[in-house]
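# Structural features, examined
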Amino acid sequence: MGRIVQLSKQVINQIAAGEVIERPFSVVKELVENSVDAGATRISVEVSNECRDLRVADNGSGIHPEDILLAFSKHATSKIQTGEDLFDVKTMGFRGEALASIISISKLTCTTRTKDFDYGTKVECQNSEVKQTQTGCAVGTIMEIRDLFYNLPARLKFLKSPKTEFAYISEFMQSIALVHPEISFELKFNGKTSFKTTAQNEQQIQTIKEVFSNEVVSNLKPVLKTDALSGLKISGFVSTPDYTRSSKKDYYLYVNSRLVKCPVFQKSIDTVYKNLIGSRYPFIVLNLEIPPCDVDVNVHPTKKEVRYKNPNQIFNFIYSSVDSALKSIIEREKPVFAEQKENNTQEKIKEVEAYVPANYSVAEIFNKNYDEKPTISHPNLEIVKPTPRPLVQNVSTPIQSKLVEEPEYKIEDVIIGQYKKTYILIEKENGLEIVDQHIADERYIYEKLKKTKNVDCQLLFISDVLEVSATDKALLETNKEKLARFGYEIDFTSDTEVIFRKIPQLLSKVSPKEILADILENMHGDLDNIEEQILITTSCKAAVKANTYLNQYQMEEIIKNWRTTENPETCPHGRPVSKFFEHKDLAKFFQRNK
């Protein structure tokens, strides 16, 4: 081991930059948050040169000429002065590390001016060296970064593709725009506007509409609750239980306008929705305002984690706020009790009695099953119940052959029926196997599509016009060729509208609106593996659904196909396909092992 030496200022800053600046998104985050702290009402971000050239401009308060050199030094900030101030942080930034870190790994030019001066200041930084000159400019600050990581080739090697890196930047810009509807944001990629908000009337609902779409806005419920005693306030929007997502991608959770990853916050929301949406997730935009002294934001360098003085209080406050917002929906969805059903039936019987032919009893029509319906002109008699099927359907019996003309088809598996129109029951020599029909079919289609070079398409002569956000449009444009590889052809009719020209033939009966929603959801969820996500989405949509009646031949076909797959244990999402119960375990349970 060598002798101990003092590291240079440049090396110290580069080491610190590793904690603060992970990728281009980190630079944009730090600079945009500085612009918000400076009171800007307009913030523009431009990205180019494979996300290594960045420009952030604002109309904020600017930097005083006498403070400009100090601003780029380590641990220099205008936001706190003493240790006690860490417990009363009201700004996005406060550590004074970002600018010093950025100039150690890039070539930076800063042009700034305050309203108190007729001239501005221009600063050029490279290798942590700072040069200052006087210049003319508008009030505000422009930060221009060139050749990010030019002196750290190892860091460059670990960056993702430019499109992926830009996607991280775009997601951040969306998230900060949602909590600051009073600020107009604009994001450009290689000179083309990708994302923009207008700060129209400073209304958050308008910003949500601009970032996402009218469809999202139409499915939201407002949340607003204040507790004057504890100083807590929560505001924002949550989606109705019938508008859900497959992941927590659309959880936009803020504490004092700072986007956070907070287990307490997430758990309170999940608890409200637990019995409403099953394994799906809602769309959430919520900002919790809390006295700074009751929350610690100085937990992690990225400032995404927080700790509360009283987490139980926070959990209950958020839970009750969201629960109150959804209560009207829950009340409308309360089950009808037996007594209520009986009264409703009696009312309908009286209503249609005059329309029923003489040879039929109205009560029997409502309470019994007939092979043929009577000819009755009153439309309300369409409520005659279909013949109920047993929970376990023994579709291998001769009776079923009357209903469906089935081809002769034999496989080794002995299929004994369908349970709940969702699970296929298979009798094995040594036990009982239960297969989820949707998951098994999904696995087969997924592997088939993965091996297929040309996916069969269906041309759509008429297609609904579908609304998308500017960010979603950019994502679709970027991946247009990959979508075409799996049978999707889309056209853009405007900056916020798309239509399908072609879809995979497998999805001919699925709504284009539903297809697009799932594609975008999965593409956002895994930016590094978009082709795989498109493939998974197609497979899931094409597979037979749960709660679908299958005849004997259909069940045999699904099982036969599933048996040929390379990975039959799980679906592409990772869910198990089947569950096997050994005969000896069943016999033991029923005490037949003696």
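Residues numbered from 1 in each chain as written. Predicted model: local features only at pLDDT ≥ 70, side-chain atom pairs only at ≥ 80, totals over all residues. Heavy atoms only, no water.

To continue, consider the overall build of the protein. The helix and strand inventory of the protein stands at 19 helices and 24 strands. By the burial criterion, 45% of the 594 residues in the protein qualify as buried. In the protein, the proportion of contacts linking residues at least 24 apart, taken out of those at least 6 apart, comes to 67%. Accessible area for the protein stands at about 32,400 Å²; split by element, carbon and sulfur atoms hold 49% of it. (Helix = DSSP H or I, 4+ residues; strand = E, 2+ residues; numbered from the N terminus. Buried < 20%, exposed > 50% of the residue type's maximum accessible area, 1.4 Å probe, protein only. Contact = heavy atoms within 4.5 Å. Areas by Shrake-Rupley, 256 points an atom, 1.4 Å probe, with all protein chains shown as cover.)

Within this structure, the stated rule accounts for 19 salt bridges. Between D250 and R245 there is a salt bridge; the shortest N-O distance is 2.6 Å. D250 is paired through a salt bridge with K249; the nearest N and O atoms lie 3.1 Å apart. Its relative accessible area of 2% is what places D250 among the buried residues. Taken together, the shared-partner salt bridges in this structure form one network comprising E46, R55 and E144. (Salt bridge = Lys/Arg side-chain N within 4 Å of Asp/Glu carboxyl O.)

Per-residue confidence for the protein gives a mean pLDDT of 78, with 75% of residues at or over 70. Long-range and interchain partners of residues 330-339, a stretch whose pLDDT sits below 50, account for 4 contacts in this model, where long-range means more than four residues apart. Low pLDDT (under 50) marks residues 351-358, which in the prediction has 16 contacts with non-local residues, meaning those over four places away or in another chain. (pLDDT = per-residue confidence, 0-100.)

Take the packing of aromatic side chains next. What the rule picks out here adds up to 10 aromatic pairs. Through successive ring pairs, a cluster of aromatic residues spans F212, Y252 and F283. A cation sits over an aromatic face here: K579 above F581, 5.8 Å from the ring centre. (Phe/Tyr/Trp six-rings, centres within 6.5 Å; stacked < 30°, edge-to-face > 60°. Lys NZ or Arg CZ within 6 Å of the ring centre and 35° of its normal.)

As a further point, take the pairing of strand β18 (residues 423-428). Inspection of the sheet shows strand β17 (residues 414-419) paired to β18 by 5 bridges, in the antiparallel sense. Within β18, the position partnered with V414 by the bridge is E427. What sits between β17 and β18 in their antiparallel hairpin is a turn of 3 residues, with K420 showing a positive phi close to 55°. Where β18 lies against strand β19 (residues 431-436), 6 bridges are found, and the strand directions are antiparallel. Looking at β19, one finds that Y423 is bridged to D436. The hairpin formed by β18 and β19 contains 2 residues between the paired strands. (Pairing = 2+ DSSP bridges.)

Moving on to the nonpolar core. Residues V32, F72 and M173 are the most contacted members of the largest nonpolar core, which totals 55 residues. Sort the elements by how many residues they give to this core and helix α6 (residues 162-179) lands first, with 8 residues. Setting aside residues up to four positions removed in sequence, V32 forms contacts with I43, V45, V56, F172, M173, I176 and F185. (Core = buried A, V, L, I, M, F, W, Y, C linked by side-chain atoms within 4.5 Å.)

For the pair helix α2 (residues 24-37) and α6, the least separation of the axes is 9 Å and the interaxial angle reads 25°. Taken together, the axes of α2 and α6 lie roughly parallel to each other. The chirality of how α2 crosses α6 is right-handed. Of the residues in α6, those in contact with P24, F25, V28, K29, V32, E33 and V36 of α2 are E165, Y168, I169, F172, M173 and I176. In the contact of α2 with α6, the residues fall into 10 nonpolar, no polar and 3 charged. (Axes fitted to C-alpha atoms, helices over the stretch in contact; angles between N-to-C directions. Parallel < 35°, antiparallel > 145°, perpendicular 65-115°, else oblique. Left-handed = near helix turned anticlockwise from the far one by under 90°. Nonpolar A, V, L, I, M, F, W, Y, C, P; charged D, E, K, R; others polar.)

What follows concerns the pairing of β19. In this sheet, strand β24 (residues 578-582) lies alongside β19 in antiparallel orientation, the contact comprising 5 bridges. Bridge assignment links G431 to a residue of β24, and that residue is E582.

Spatially, the 5 strands line up as an open sheet ordered β9-β10-β13-β11-β12, and their pairing is mixed. One side of each edge strand has no neighbouring strand; the edge strands of this open sheet are β9 (220-227) and β12 (258-259). Where strand β11 (residues 251-255) meets strand β13 (residues 284-289), 5 bridges bridge the pair, whose relative direction is parallel. Among the inter-strand pairings, Y254 is bridged to a residue of β13, identified as N287. Packing against the sheet, helix α7 (residues 204-211) makes contact with β9, β10 (232-239) and β13, and its axis sits at approximately 40° to β10. Along the sheet, helix α9 (residues 263-277) makes contact with β10, β11 and β13, crossing β11 at roughly 130°.

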